[in-house]
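Structural overview
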Amino acid sequence: MIILHTIAEVRQYVHTHRMQGKTIGLVPTMGYLHEGHLSLVRQAKEQTDIAIMSIFVNPLQFGPNEDFDSYPRDLERDSQLAASAGIDAIFAPSVDTMYPAGNGKSLTHVDVEVVTDTLCGAARPGHFRGVSTVVSKLFNIVLPDKAFFGLKDAQQVVVIQQMVRDLDIPVEIVPCAIVREPDGLAMSSRNVFLNDDQRSQALVLSRSLQMAAERVQQGERDAVALAAAVRATIEEQPLADIDYVQIVSMRDLSPLHTLDQPALLALAVRFGKTRLIDNIVLHVHR
Ligand SMILES: Nc1ncnc2c1ncn2[C@@H]1O[C@H](COP(=O)(O)OP(=O)(O)OP(=O)(O)O)[C@@H](O)[C@H]1O
Ligand SMILES: CC(C)(CO)[C@@H](O)C(=O)[O-]
Ligand code: BAL
């Protein structure tokens, strides 16, 4: 396993393997790895010859009052975990390498419209502009055949798929299932910030999503009532501060009133300063 820091090193590494006829898989991350990230690595290794992980806490996707500075970072630990999951190379650039204009700013941006109007796009202005800009840079640097993204960030998957279609970027986006702790909590690098009370109350997120899926199975078709029920369940936990609970169309993420098509129930909830997201796809059998 090799750690690369510059764009030139990555290009050279990729070129060498391409000349040998190898396919390339990219796993973009912000590091502080857990089993969710490692599941993406394993899928990359199954589907491509060479798996490259990027580890970069991207300043462009954080708002001024968000947790860019405190976001957990540990490249040493990440390298060991990534190597144990079979990664071939890590690309860990500095902020100046990715943004030579300085101060973590870019003079050029990629802006995906419409599917960024809801959910985290509405709650975190500029977030997806930062994500699609850095991901398109990573695609241009690595030139992967496939890129692997977790469905915990379901809107991110939709945004990247839209960007790739609209800009004719020759990469296949592979969405990967959410990995959870045994008690249901979706794995996230930010879980380390939860204290014991917050951690146990945060179980309400996966529990309420599961409850919603069961109600849909039992025939519930009123998306507004269902979202309200999820909201009420979460509000029973005194430490939970809801950012959003929304049911949207899987197709274009527009808000849904009736469950008459595949839907995404997505939520973002703060516990103290820690903002957690989770979601479930609601399958409606008519
Ligand atoms: N629990 C998970 N299951 C599957 N994929 C995941 C999970 N957590 C993160 N990922 C995916 O890993 C990739 C990198 O995500 P990132 O580094 O932001 O990790 P994270 O744990 O989501 O961090 P945070 O939630 O604190 O932003 C993304 O594609 C993300 O969807
Ligand atoms: C895709 C990504 C690595 C871009 O910075 C980030 O948004 C993430 O970790 O999901
Ligand atoms: N996984 C999404 C990265 C972020 O929260 O900025």
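Residues numbered from 1 in each chain as written. Chains lettered and ligands numbered in written order. Predicted model: local features only at pLDDT ≥ 70, side-chain atom pairs only at ≥ 80, totals over all residues.

1. Examining the overall build of the protein chain
Along the backbone of the protein chain there are ten helices and nine strands. On C-alpha atoms alone, the protein chain measures out to a radius of gyration of 19 Å, which is about the 19 Å that the 2.2 N^0.38 rule sets for 286 residues. Projecting the C-alpha coordinates of the protein chain onto the three principal axes gives extents of approximately 55 × 40 × 35 Å. Counting over 286 residues, the protein chain shows a buried share of 40%. The contacts in the protein chain between residues at least 6 apart in sequence include a share of 70% that link residues at least 24 apart. (Helix = DSSP H or I, 4+ residues; strand = E, 2+ residues; numbered from the N terminus. Rg over C-alpha atoms; globule rule 2.2 N^0.38 Å. Buried ≥ 20, exposed ≤ 12 C-beta atoms within 10 Å, placed from the backbone. Contact = placed C-beta atoms within 7 Å.)

2. Some words on the site of ligand 1
Neighbouring ligand 1 are 18 residues; Gly36, Gly150, Met187, Ser188 and Arg190 lie closest to it. Within the residue set of the shell around ligand 1, elements represented by two or more residues are helix H2 (35-47) and strand E5 (146-150). Per-element accounting of the shell around ligand 1 gives the leading share, four residues, to H2. Grouping the constituent residues of the shell around ligand 1 by class yields eight nonpolar, seven polar and three charged. (Near = placed C-beta within 6 Å. Nonpolar A, V, L, I, M, F, W, Y, C, P; charged D, E, K, R; others polar.)

3. Overview of the packing of helix H6 (residues 127-142) against helix H7 (residues 154-166)
Contact pair H6 / H7: the axes reach a minimum separation of 10 Å and the direction vectors enclose 55°. Compared by their axis directions, H6 and H7 come out oblique. Once H6 is placed against H7, the crossing between them reads as right-handed. Here H6 contributes Phe128, Val131, Ser132, Val135 and Ser136 to the contact with H7, which in turn contributes Gln156, Val159, Ile160 and Met163. Among the residues making up the contact of H6 with H7, the classes are represented as six nonpolar, three polar and no charged. (Axes fitted to C-alpha atoms, helices over the stretch in contact; angles between N-to-C directions. Parallel < 35°, antiparallel > 145°, perpendicular 65-115°, else oblique. Left-handed = near helix turned anticlockwise from the far one by under 90°.)

4. Looking at the site of ligand 2
Near ligand 2, the surroundings consist of Pro28, Thr29, Met30, Asn58, Gln61, Val131, Val134, Val135, Asp153 and Gln156. Only strand E2 (24-29) and H6 provide two or more residues apiece to the shell around ligand 2. The dominant element in the shell around ligand 2, judged by the number of residues it contributes, is H6, at three residues.

5. With respect to the sheet that holds strand E3 (residues 50-55)
With respect to topology, six strands assemble into an open sheet ordered E1-E4-E3-E2-E5-E6, the strand pairing being parallel. Only two strands of the sheet have a single neighbouring strand rather than two, namely strand E1 (2-4) and strand E6 (172-176). Recorded for the sheet is a direction-independent mean angle of 25° between the axes of neighbouring strands. Inspection of the sheet shows E2 paired to E3 by six bridges, in the parallel sense. Within the sheet, the bridge partner assigned to Thr29 lies in E3 and is Ile55. Packed on one face of the sheet, helix H3 (residues 75-84) meets E1, E3 and strand E4 (89-91) and runs near 160° to E3. (Pairing = 2+ DSSP bridges.)

6. Points about the domain arrangement of the protein chain
The figure often quoted for interface size is the accessible area lost as the parts come together. Along its sequence, the protein chain is carved into domain 1 (2-176) and domain 2 (189-282). Centre-to-centre, using C-alpha coordinates, domain 1 lies 26 Å away from domain 2. In this assembly, 14 residues from domain 1 lie in contact with 15 residues from domain 2. Looking at the side of domain 1 that touches domain 2, the elements with two or more residues in it are helix H5 (119-123) and H7. Partitioned by chemical class, the residues of the side of domain 1 that touches domain 2 number ten nonpolar, three polar and one charged. (Domains from an automatic or database assignment.)

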